[in-house]
Amino acid sequence: MELIFEKSTEGRKGFAFGASDVPVRAQVPAPYARKEDAPLPQVSELDVVRHYTRLSQKNFSIDTHFYPLGSCTMKYNPKFTESLSRLSGFTDLHPLLAQLSGGERWTQGALEVLYELEQWMCAMTGFKHFTMQPLAGAHGELTGIMLMAAYHKHKNNARKKYVIIPDSAHGTNPASAAIAGYETISIPSNKEGGMDLEALKAAVNEETAGLMMTVPSTYGVFEPNITEIAKIIHGVDGIMYYDGANLNAVLGRCRPGDLGFDVMHINTHKTFTTPHGGGGPGAGPVGVNEKLAKFLPISRVIKRGDGTFALDYNYTDTIGYIASFYGNFGLLVRAYAYILMLGKEGLLETANHAVLNANYIMKKLAPYYKLCFDRICMHESVFSASKQAERGVHAIDIAKFLIDEQIHPPTVYFPISVPEAIMIEPTETESKQTMDYYIGKMVEADKLSQENPAAFKEFPKTMPISRPDEVKAARDVKTSYFLVTSSDAS
Amino acid sequence: MNPYITNTPQEVEQMLKDIGVGTIDGLFADIKPEHKPQSFDLPKGLSEYEVVRRVTALSLKNNVHVVPFIGGGYYDHYIPSAVPALTSRGEFYTAYTPYQPECAQGTLQALFEYQSSMSALTGMEVSNASLYDGGTALYEAMMMAIRITGRHKVVMDGGVSPIYRKILKTYTHHLSYQFEETPVVHGQSSRPEMERLLDKDTAAVILQNPNFFGAIDDFTDIIQKAHEVGALAIVSVYPISLGLLKTPADMGADIVTGEGQSLGLPLNFGGPYLGFMCARKKYIRKMPGRIVGETVDSKGRRCFVNTLQAREQHIRREKATSNICTNVSLCALQAAVFMALVGKNGLKEMAQLNLDKAEYAKHMLSKIKGVEVKRSSPTFNEFTVHLPKDASQVVGAMMQKGFAAGFPLGRYYPGMERYLLVAVTEKRTREEIDRYVKTLEEILA
């Protein structure tokens, strides 16, 4: 399909600004002025509408396709949260209004959303305080690690150098720890998918700053030794970090704060079904217990005795500003509305059915694909396509087969510690019929891998494009319409 | 009740039987009794219409009818209806990061077009596919310069947004980087101070145009000096101003970042916004965030993929260029649609309207006795005025009259308690400006 730039015609307009109503025509002094106009497209509104509508139709999405992308929790995004987030009383609100003298009064509704959401998140997780500011899960991780660093600095724990991370962790965990100035130590998992306690004990010493853990893990396994692990880490004054990527599996069943964790982040798009947007924006609120509370970023939202809400900046030990304002408010409104509708019982059901659906798929596929951990799973299950790979059909080939069957593939090649990994997370919003269709297609793929493995190389056949040449993309680096590459010239 | 769970009790029973457990509780056997929550104290669920009523009521407690003359890096621009109409298509907003390019060409091509438009706007060769927001993008740019040069000193112009500067300080607080800030003299960067601080240890000089006081500048001379000592130049820009202002590329910048909220995103009480980052092509492999590249499929057809992923955390883990996983694709899409709609001429027209209305407001404000419009530097759509009283008090009084009169600079710059930062966008009418000026005059009288 043509690029919007290729549809451009000199002089065409897509939007008409009205005539100026002020009697001034100013000019930017020459040294400061732009020399040539920005070469943006010149297209009509209809051109733009058709172009982006057609582009949208080239996407798989939750609204159009089953999307069992493991670890990403692609559940249905209810439409009412979407429409509420678009209320002008929220969208037209300037963030600095709340910081102006007299402006607090005009932002009470927004501040109440932030305050109440904090209370609910505390109730769900067993923590004492939350900050809504982190702009995505990984940003929450970084914030959490900075709180860890502030804690050790405050306690003069000068020797703290390492953060311990299990091998099943998301890549963001080690990256976040490294940015906050820590080195990382990777701990292998045991045969059941839990943490190898002996390896952990051997790795922990006075230089351990803390441990980052995803519970349930990315293997879909709830760590049974969690209490023991917390004891080991706290024994050297380390901080227990809970990566809330998979909180959706255990809502109402356990709370990180009760399990011995000191700090956590929540990915709102996973647990509270804020839309993923094709790669963001997200929101990654961070919760802490009393140990870390005084280090939280500013501002914080407080409720006064008279029931009004305010922004409070007076915290001496705060790590400071981690974002410009109060978080990705538009996403937080959606999470707020979702929690408000579901309530206590509905949230519990979320976890129940997420786990039920995951186990159903796991059970049905176990005869065909190698299961990594033969036990009840939580919200997702991890298989290896090792049997199929022996026939020359790899996880990626199965993924491409599924695309032709109108299914978004599950996560493949993650966790990286599992060869030929296929990680399946159906979520609670999918029906048995949809899952049965998916299971049928996975069984078909296995059958085809025995009968005609060569057929897989052709998949997908029905999409706007076949498999792309990723090597060429990295070699030529054509990342803009305006960029001339060496292969353009030849 | 959770209305989004679709399986019937009969289906649930069948599934439990197939799995081989008697009850749903049986699936949670790994969570031992001692792990049970001490409490799970949340309100009872509500119906959709009850939630709509309650949340709508909350939205109405906010007053968006206060006429805004506040900016500070975040502006009340008009958003053409086609922007939300297109970006609220479920095919866009309910998709994930495009890991499977064959069924994500919509998102990938749109992001490629976004990158292209950002290059058109800034004049820079390459752009990434977005970062969180303007402040965190500036932090990422600083880290990128530190990686490229292997140096540890950063010289920052005092005209860079104080909000951004606070963010940078938080992130580098525990790391051993040397920060130097130069003062703002008559609204502009202090050349002698810059020159004094730039040396062979300097990784980058960080600049902003227009700066926080609204002053516009040409940084060509500073950037040249930075290059002479082997430092990089990072410039944070306000995209709409680039309809009229000299591009950072023309000034010689190496990395360009900024807040893209003005490109078709609502103010949304602080987010989601759009951090953008552009750079010279030679630095692309040191850039953070996702980047979309053009290639061909196995049949030779043009297509788009996430490229240069070897920089990213899911491959490189602790050695990645950044910890960022999710960026703000949907916001980048909003900006792409906005820039396509407004187009080459519309952007210039829009920028001109902003400039003209701000100049008109300046002219009218300067007629008020005791109000001094600072004119030592040219400005775009935001400018600084000196008031005969404490600016915060004046803002409080103006708020009572229905105006968000501006941002009192004393909040971030001690000693500037009588200075007010005033923004005027294309949305402000002459009538609103006149009424604003008249109200201010009455309050100061």
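Residues numbered from 1 in each chain as written. Chains lettered and ligands numbered in written order. Predicted model: local features only at pLDDT ≥ 70, side-chain atom pairs only at ≥ 80, totals over all residues.

Engineer: Give a detailed account of the overall build of chain B, specifying residues and quantitative values.
Structural biologist: Across its full length, chain B holds 14 helices and 17 strands. Over its C-alpha atoms, taken along the principal directions, chain B stretches across nearly 80 × 55 × 50 Å. Here chain B holds 445 residues, and 62% of them are scored as buried. Partitioning the contacts of chain B with sequence separation of at least 6, the portion at a separation of at least 24 is 73%. (Helix = DSSP H or I, 4+ residues; strand = E, 2+ residues; numbered from the N terminus. Buried ≥ 20, exposed ≤ 12 C-beta atoms within 10 Å, placed from the backbone. Contact = placed C-beta atoms within 7 Å.)

Engineer: Just give me the short version of the environment of Leu93 of chain A, but keep the residues and values in it.
Structural biologist: Here Leu93 of chain A lies in the loop between α3 (88–91) and α4 (108–125). The buried category is assigned to Leu93 of chain A, around which 26 C-beta atoms lie within 10 Å. Sequence-wise, Leu93 of chain A and Thr107 of chain A are 14 residues apart; in three dimensions their C-alpha atoms are separated by 7.8 Å. Residues contacting Leu93 of chain A, with those up to four places away along its chain left out, are Thr107 and Ala110 of chain A together with Asn62, Val64, Leu267 and Phe269 of chain B.

Engineer: Can you explain the interface of chain A and chain B? Please cite residues and give values.
Structural biologist: Contacts between chain A and chain B engage 176 residues on the former and 171 residues on the latter. Here the side of chain A that touches chain B is composed, by residue class, of 95 nonpolar, 54 polar and 27 charged. (Nonpolar A, V, L, I, M, F, W, Y, C, P; charged D, E, K, R; others polar.)

Engineer: Kindly report on the nonpolar core, identifying the contributing residues and their values.
Structural biologist: By size, the foremost hydrophobic cluster in this structure holds 313 residues, and its most contacted members are Leu332 of chain A together with Met142, Ala204, Val205 and Val337 of chain B. For this core, the element with the most residues is helix α12 (residues 329–365) of chain B, which contributes 22 residues. Ignoring sequence-local partners within four residues, the contact set of Ala204 of chain B consists of Met142, Ala145, Val154, Ala231, Leu232, Ala233 and Ile234 of chain B. (Core = buried A, V, L, I, M, F, W, Y, C linked by C-beta atoms within 7 Å.)

Engineer: Any chance you could break down unusual backbone geometry for me, citing the residues and the numbers?
Structural biologist: Residue and element names in this part refer to chain A. That bond from Gly280 to Pro281 is cis: its omega, 10°, falls within 30 degrees of zero. Within the secondary structure, Pro281 sits in the loop between α9 (268–271) and β7 (286–288). Pro460 follows Phe459 through a cis peptide bond whose omega is 0°. Along the polypeptide, Pro460 turns up in the loop between α14 (432–451) and α15 (470–476). Here the phi dihedral of Ser71 falls at roughly 75°; this positive angle occurs in a residue that is not glycine. By the element assignment, Ser71 lies in the loop between α1 (45–56) and α2 (79–85). On the neighbour-count criterion, Ser71 (21 C-beta atoms within 10 Å) is buried. With a phi close to 50°, Thr73 is a non-glycine residue in the positive phi region. Secondary-structure assignment places Thr73 in the loop between α1 and α2. With 27 C-beta atoms packed within 10 Å, Thr73 lands in the buried category.

Engineer: Before we move on, could you go through the domain arrangement of chain B and cite the residues and values that matter?
Structural biologist: Many authors give the size of an interface as the accessible area that is lost as the parts come together. What the domain assignment reports for chain B is domain 1 (9–56), domain 2 (67–77 + 343–444) and domain 3 (82–339). With 23 residues of domain 2 of chain B in contact, the opposing surface of domain 3 of chain B contributes 21 residues. (Domains from an automatic or database assignment.)

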